[in-house]
Amino acid sequence: MKVIAVNIATQKTILWGGKEVQTGIYKTPVSHPIMLEKEDVAGDTVTDRKHHGGTDKACYAFAANHYPYWKKRYPELDWNWGMFGENLTIEGLDESVLHIGDTLQIGNATVQVTQPRQPCYKLGVKFGNQGVLKDFITHAYPGIYLRVLQPGTVKTGDPVEILHHDPERFSIREVISLLYNPIPDHIPQIIAHPLLAESCRKDLNRILSRLT
């Protein structure tokens, strides 16, 4: 795996439900290294701390190899890296072989996989079509949120090395499937995983309570 682009955003105002809302989803590539810190990326905009940023979601990474699928589906958009609001666009990132708790070395930073991305209306606003949320869930290659174990800088061209595969082997693809197509018998095992992001654990607990 390799970093294809590092992306940050300034605050942007969008309209939603007749109200002005602030967002940091409009990320664009920068030529300088970015610093992955414990709760966010230095210099990036995080406007909704309830759902983004924090120790469990300090950084978001998305696969460069998924871009052709989306460009074909939404050809009218002005495409660039960072289109999905990711801080890191990574060549070769594969949600089927990355697991909750896997540890990665990216540039000078050591990070840990915590959960898949769950899309919200702001992605729909950016794409000009709320239908992208259903497409994103159906495609089921959502990218990964990262916990920063050791802060450090990351730049375009840096290799991404898997330092440790978590022994439980709950892949990101499996978790995104359970969030939107739940199988009750499988959910408790993932809920119990100590390295799962707390927000994802709460979502899975709510899902399980509805099903049982």
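So, here's what we can say about the structure.

**Details of the pattern of salt bridges**
- Enumeration over the complete set of coordinates arrives at six salt bridges.
- A salt bridge links Asp135 to Arg73; its shortest N-O distance comes to 3.0 Å. Taken together, the positions of Asp135 in helix 3 (residues 131-139) and Arg73 in helix 1 (residues 67-73) put the pair 62 residues apart, joining distant regions of the chain.
- Judged by its relative accessible area of 44%, Arg73 is partly exposed.
- The partner of Arg206 in a salt bridge is Asp203, with the nearest N and O atoms 2.1 Å apart. Note that Arg206 and Asp203 are positioned in helix 6 (residues 198-211) at a spacing of three residues, about one turn of the helix.

**Concerning the packing of aromatic side chains**
- All chains considered together, the criterion is met by 17 aromatic pairs.
- Here Trp16 and Tyr121 contribute two aromatic rings whose centre-to-centre distance is 4.5 Å and whose plane-to-plane angle is 20 degrees, an arrangement assigned as stacked. One end of the pair, Trp16, is in strand 2 (residues 12-16); the other, Tyr121, is in helix 2 (residues 121-127), with 105 residues separating them in the sequence.
- By the ring-pair criterion, three or more aromatic residues cluster together here, those being Phe62, Tyr67, Tyr69, Trp70, Tyr74, Trp79, Trp81, Phe84, Phe127 and Phe136.

**Concerning helix 4 (residues 172-180)**
- Ile172, Val175, Ile176, Leu178 and Leu179 are the residues of helix 4 that are buried. Summarising the axial view, the buried residues of helix 4 lie within an arc of 160 degrees, below the 170-degree limit, and thus occupy one face.

**So, the packing of helix 4 against helix 6**
- Following both chains from N to C, one finds helix 4 and helix 6 inclined at 40 degrees, their axes separated by 9 Å at the closest point. Classed by the angle they form, the pair helix 4 and helix 6 counts as oblique. Here helix 4 and helix 6 pass one another in a crossing that is left-handed. Contacts between helix 4 and helix 6 involve Val175, Leu178 and Leu179 on the former and, on the latter, Cys200, Asp203, Leu204 and Ile207.
- Broken down by class, the residue content of the contact of helix 4 with helix 6 amounts to six nonpolar, no polar and one charged.

About the cut-offs
Residues numbered from 1 in each chain as written. Predicted model: local features only at pLDDT ≥ 70, side-chain atom pairs only at ≥ 80, totals over all residues. Heavy atoms only, no water. Salt bridge = Lys/Arg side-chain N within 4 Å of Asp/Glu carboxyl O. Helix = DSSP H or I, 4+ residues; strand = E, 2+ residues; numbered from the N terminus. Buried < 20%, exposed > 50% of the residue type's maximum accessible area, 1.4 Å probe, protein only. Phe/Tyr/Trp six-rings, centres within 6.5 Å; stacked < 30°, edge-to-face > 60°. Arc of directions from axis to C-beta. Axes fitted to C-alpha atoms, helices over the stretch in contact; angles between N-to-C directions. Parallel < 35°, antiparallel > 145°, perpendicular 65-115°, else oblique. Left-handed = near helix turned anticlockwise from the far one by under 90°. Contact = heavy atoms within 4.5 Å. Nonpolar A, V, L, I, M, F, W, Y, C, P; charged D, E, K, R; others polar.

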